[in-house]
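This is what each chain is made of:
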Amino acid sequence: MRSSDDDIVEGIVSYYGIECGVPNTTIYVQCDIIEVGAIKVIDGEIKEEFQSLVSIESQLPEVITNLTGITQSDLLNQPEIDEVIVKFVSFVDELPLVA
């Protein structure tokens, strides 16, 4: 990592797509990660990208499909979150995360 204010630091910029369902009868909130993505920025340039949809057990709410364009069928046959996280950690390597 560079220390000069004029230099651009190296890092990973990440995002997570999360769907949440809130049942009307309780205060319990269930959330599932449906997408994980990141870009690797080195010397101010995007060097690599990571993106993966994630399989979920629950039904994807229509409001999430309307918001993201991701459908239940898009999530079929996708890796489970445990597998995606292993790949994500490998992608990140030792670079800092920037959110």
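**Q** Tell me about the overall build of the protein, and name the residues and values.
**A** Secondary structure assignment for the protein yields three helices and four strands. Secondary structure of the protein in N-to-C order comes out as β-β-β-α-α-α-β. With 99 residues in all, the protein has 29% of them scored as buried. Taking contacts inside the protein between residues at least 6 apart in sequence as the whole, the part at least 24 apart equals 51%. Total accessible area computed for the protein in this model is approximately 7000 Å², and 52% of it derives from carbon and sulfur atoms.

**Q** Lay out the side chain of E35 in plain terms, naming residues and giving numbers.
**A** Residue position: E35 is located in strand β2 (residues 30-42). Summary of buried charges: E35 has no salt-bridge partner, and the nearest side chain of opposite charge, K87, is 14 Å away. A polar contact is formed between the side chain of E35 and the side chain of Q51, at a distance of 2.8 Å.

**Q** Outline the pattern of salt bridges, listing residues and values.
**A** One pass over the structure, following the stated rule, counts three salt bridges. Between E48 and K40 there is a salt bridge; the shortest N-O distance is 3.3 Å. With a relative accessible area of 41%, E48 lands in the partly exposed category.

Conventions we followed
Residues numbered from 1 in each chain as written. Predicted model: local features only at pLDDT ≥ 70, side-chain atom pairs only at ≥ 80, totals over all residues. Heavy atoms only, no water. Helix = DSSP H or I, 4+ residues; strand = E, 2+ residues; numbered from the N terminus. Buried < 20%, exposed > 50% of the residue type's maximum accessible area, 1.4 Å probe, protein only. Contact = heavy atoms within 4.5 Å. Areas by Shrake-Rupley, 256 points an atom, 1.4 Å probe, with all protein chains shown as cover. Lys, Arg positive; Asp, Glu negative; His and termini not counted. Salt bridge = Lys/Arg side-chain N within 4 Å of Asp/Glu carboxyl O. Polar contact = N/O pair within 3.5 Å; in protein donor to acceptor, adjacent residues only side chain to side chain.

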